[in-house]
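Results of the structural survey
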Amino acid sequence: MLRSQFKNILKNVNKNHSLRRTFTSSTSKAGKNASYNAKIISATVASIVAAAGSYMLVQPSLANDEAQSANPTRKISVDEFVKHNHADDCWITVNGNVYDLTDFISMHPGGTTPLIQNAGHDATEIYNKIHPKGTIENFLPKEKQLGVLDGEAPKIEVVLDEKEKHRLELLNHLPALSRIQNIYDFEHIASRVLSDQAWNYYSCGAEDEITLRENHYAYQRIYFKPKCCVNVAEVDTSHEILGTKASVPFYVSAAASAKLGHEDGECSIARGAGKEGVIQMISSFSSNSLEEIAESRIPGATQWFQLYVNEDKDVVKKTLKRAENLGMKAIFVTVDAASRGNREKDIRMRITEDTDELIDDSSVRAGSTSGALPAFIDKRLTWDEVKDIISWTKLPVLLKGVQRTDDIEKAIDIGCKGVVLSNHGGRQLDTSPPPIEVMAESVPILKQKGKLDPNFSIFVDGGVRRGTDILKALAIGGRDCKVAVGLGRPFLYANTGYGEKGVRKAVQILREELKADMRMLGVTSLNELDDSYIDTRRLLGRDAVNHIYNNNYYPMSKIQFKNEK
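Below you will find a few notes about this structure. Computed from a predicted model, the values in this text were never measured in an experiment. (Residues numbered from 1 in each chain as written. Predicted model: local features only at pLDDT ≥ 70, side-chain atom pairs only at ≥ 80, totals over all residues. Heavy atoms only, no water.)

1. Focus: the pairing of strand β16 (residues 482–487)
Extensive coverage of β16 is indicated by the burial of five of its six residues. Pairing of strand β9 (residues 250–252) with β16 involves three bridges; the strand directions are parallel. Within the sheet, the bridge partner assigned to Val 252 lies in β16 and is Leu 487. As judged from the five bridges shared by strand β15 (residues 457–461) and β16, these two strands associate in the parallel manner. Its bridge partner being in β16, Ile 458 is matched across the sheet by Val 483. (Buried < 20%, exposed > 50% of the residue type's maximum accessible area, 1.4 Å probe, protein only. Helix = DSSP H or I, 4+ residues; strand = E, 2+ residues; numbered from the N terminus. Pairing = 2+ DSSP bridges.)

Written out as structure tokens, the structure is:
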């Protein structure tokens, strides 16, 4: 059960396990332990949320064919239950049911600590907050679903430190939506109200985060060439995307773990996007189940599904069928995640023990969200297998994570309906090219070869924060292919704290920016855009930083919380 790779970290956790059971604030020592325990619990939340969804969607080879609940006829006393309270004998109770997770500890996508931490305790609250419905019932063998708890189990008491109290206080004093002016406001608010662990997970990139930053900076190197004396009294931001008439030329890109920011998770994103006529791509790493998100879909709204390809092809076929049955309108096969990204900002928050021993580094990294990826993904994915996937579904198949021109060409040749130029938001291979640069390089080459088809879609995501960014992408694609733009993190940030209303506000902000930008650019319809409206000569260059100018530049003040005015 892969327990050997966790041997050293389990030893460290067990060594201190007895200190992490009951915590009070009656003494400084107890308070210190409680604060430490709170950090340990919260340190794993981000990875659990993201990994639990993926575990359910792409690892059903471990699942029972039908969900099973704990044996209702067996009653387990509290006295018996609490004896099973360590890594080698780990029982937990969730929603009144008792489960033996001993053999599952080393396989847990969210790392070992949360299960060991809650051994012999009621884990209902933390479980329900971060797992899609049915996770434990679907994936734990029936014989490990022991019975029903007869009585009330102890719960781990978490004593909040001052920093956490302040964060929760800010959540009660969120700025009014009317004061939010741009997408950056949502990002700043999220940085203040998310836990350190959640913020690091949402915001991190790989290694030096060069690609993370360049994804956005690249847009700033593209300049417009506006037309004047054009009647722009009426402008239309609607756009056809994969056969769907959307209100705007952008969509919600797949992004994991929306419950970290709001209790309704991806469901509130589904409602908000649907009410604004925006398409939602659902991540395999969602913190709500695919069924829950589909149920939240507004009538007439469109949802797509992001697929991570499992090594077991029967699993892939079942997943595709499941997506079809739930009304998904397209499949996006992720092709840029054959290995985990080295997301050090996220990984650093998973380290809960100080030691000078040379423990297996992979065991620490496995506790991060990115560390859970390799267990689920087929590292042998080839173009032939992509062709198989196309044949296994009636839905259009697109590749998400394409980063070079010849791969776009191959996708066209094998029958894909499109590609998403993406580097996973800068979270995989650092110094990968910004997607907008790939688009600017590829479209002219493919056009010259006669490869572009007006019905073939070239989407782009990563670094998009303004309506101007969206218009630049559409202009590069022109009328030779279908172009749309994905935004992932911005909608996670908008959902944080505000839920559905925040998502709708983000869409409205971008839509109003698009309208104003179109008027100033001299276009009334997105179909008019082509490369005559942009200047990309600076795109492949790199600008030296003018520190004197930057030091004198006075930036817009940050949005304030109600209790900080």
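2. Some points on the packing of aromatic side chains
Within this structure, the stated rule accounts for eleven aromatic pairs. Between Tyr 201 and Tyr 202, the aromatic rings sit 6.1 Å apart at their centres with planes inclined by 45°, giving tilted as the arrangement. The exposure classification of Tyr 201 matches that of Tyr 202, with both residues buried. In textbook terms, an aromatic cluster arises when at least three aromatic residues are bridged by ring pairs, as seen for Trp 199, Tyr 201, Tyr 202 and Tyr 493. Positioned above the aromatic ring of Tyr 201 is the side chain of Arg 427, whose terminal nitrogen or guanidinium carbon lies 4.9 Å from the ring centre. The ring of Tyr 223 carries Arg 538 above its face, with NZ or CZ at 4.7 Å from the centroid. (Phe/Tyr/Trp six-rings, centres within 6.5 Å; stacked < 30°, edge-to-face > 60°. Lys NZ or Arg CZ within 6 Å of the ring centre and 35° of its normal.)

3. Regarding a nonpolar patch on the surface
Taken together, the side chains of Val 158, Leu 160, Leu 168 and Leu 171 make up a nonpolar region of the molecular surface, amounting to roughly 250 Å² of accessible area. Here Val 158 lies in the loop between β5 (145–150) and α7 (162–171). A relative accessible area of 37% means that Val 158 is categorised as partly exposed. (Patch = residues over 30% accessible without salt bridge, like charges linked within 9 Å, V, L, I, M, F, W, Y side chains within 5 Å. Areas by Shrake-Rupley, 256 points an atom, 1.4 Å probe, with all protein chains shown as cover. Salt bridge = Lys/Arg side-chain N within 4 Å of Asp/Glu carboxyl O.)

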